[in-house]
Amino acid sequence: MNILEKFEKEQLKELQSDKKLPKFSPGDTVKVHLRVREGEKERIQIFEGVCIAIKNAGINSSFTVRKISYGEGIERVLPLFSPQISKVEVAKIGSVKRSKLYYLRQRSGKSARIAEKNLTQNTSNSVLEEKNTNKNIGNLKSSEKNSVVSEKKSIDDKSNQDKELKEVSKEEKK
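These figures come from a predicted structure and were not determined experimentally.

Scoring rules and cut-offs
- Residues numbered from 1 in each chain as written.
- Predicted model: local features only at pLDDT ≥ 70, side-chain atom pairs only at ≥ 80, totals over all residues.
- Heavy atoms only, no water.
- Pairing = 2+ DSSP bridges.
- Helix = DSSP H or I, 4+ residues; strand = E, 2+ residues; numbered from the N terminus.
- pLDDT = per-residue confidence, 0-100.
- Contact = heavy atoms within 4.5 Å.
- Phe/Tyr/Trp six-rings, centres within 6.5 Å; stacked < 30°, edge-to-face > 60°.
- Lys NZ or Arg CZ within 6 Å of the ring centre and 35° of its normal.

### Observations concerning the pairing of strand 3 (residues 62–69)
As a general feature of sheets, a regular strand has side chains that alternate between the two faces.
And step 1. In the sheet, strand 2 (residues 41–55) pairs with strand 3 via five bridges, with the strands oriented antiparallel. Of the residues in strand 3, the one forming a bridge with Cys51 is Val65.
And step 2. Connecting strand 2 to the next strand, strand 3, in antiparallel fashion are six residues, including Gly58 with a positive phi near 65 degrees.
And step 3. Examined bridge by bridge, strand 3 and strand 4 (residues 72–79) share eight bridges and lie antiparallel to one another. Bridging from a neighbouring strand, Ser62 pairs with Pro79 of strand 4.

This is the structure we're talking about:
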C-alpha cells in the first residue's frame, strides 16, 4: 500500500465518522439536503429524485440522482463525502434489478416509474410481534396463555370491526 492509498484511507475514516449516511441503492427515491451559498448567506436546498447510479471508489465515491423539473430531466452527480451534503433521506425504496438505471433517460411518464418495494414498517412490526407472542406463549403457564390468546382475539376483532366500518362507509358513498 503506497502513501496515497494510506492517506485516502485515513481521510475516508474521518469522513465516515462525521456523517451517518443511510444505506440506499439505485432505484430508491432520495432527498439530498444540499448547502447552498448565495453571497454571504447559506441555506439548505432539497434535491429529490431517483438514484440511478452509485459509484463506489473509496473517497471518490459518488451517486447520481435524477429528477424531472418542469418537463426537463435533471441529473446531479454528487460526491458521497461532499461537505455540501448536509444529509440524505430515503423517501421510497425502489424495486429494480439493475445497478445502473441509465435507461430512465429515454423514458418519460408512466414508463419511467419504478415499482416500490412492499416494505411497510407497520405490517412488518405486527408480523414480528405476532411471531414473538407465539414463541412466548409456549413458555407461559396455561392461565397466562388464555389471557394472551384472548388479547390477540380482541385485537383481531377490532381490526375486523374497522374493516366492516370501511366497507359500510364505501357503500354509503355509492
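### Overview of the confidence of the model for the protein chain
Predicted coordinates in areas of low pLDDT are best not read in detail.
And step 1. Model confidence for the protein chain is summarised by a mean pLDDT of 80, while 68% of its residues fall at 70 or above.
And step 2. Looking over the protein chain, one finds the lowest element-wise mean pLDDT in helix 2 (residues 121–139), namely 49, and the highest in strand 2, namely 95.
And step 3. Here residues 123–128 is modelled with pLDDT under 50, and outside its nearest four sequence neighbours on either side it reaches zero contacts, counting other chains as well.
And step 4. Here residues 130–135 is a poorly scored stretch, pLDDT under 50, and it has three contacts once near neighbours within four places are set aside; other chains count.

### Observations concerning the packing of aromatic side chains
And step 1. Scanning the model with the defined rule gives one aromatic pair in all.
And step 2. One cation-aromatic arrangement involves Arg76 over Phe47; the distance from NZ or CZ to the ring centre is 5.7 Å.

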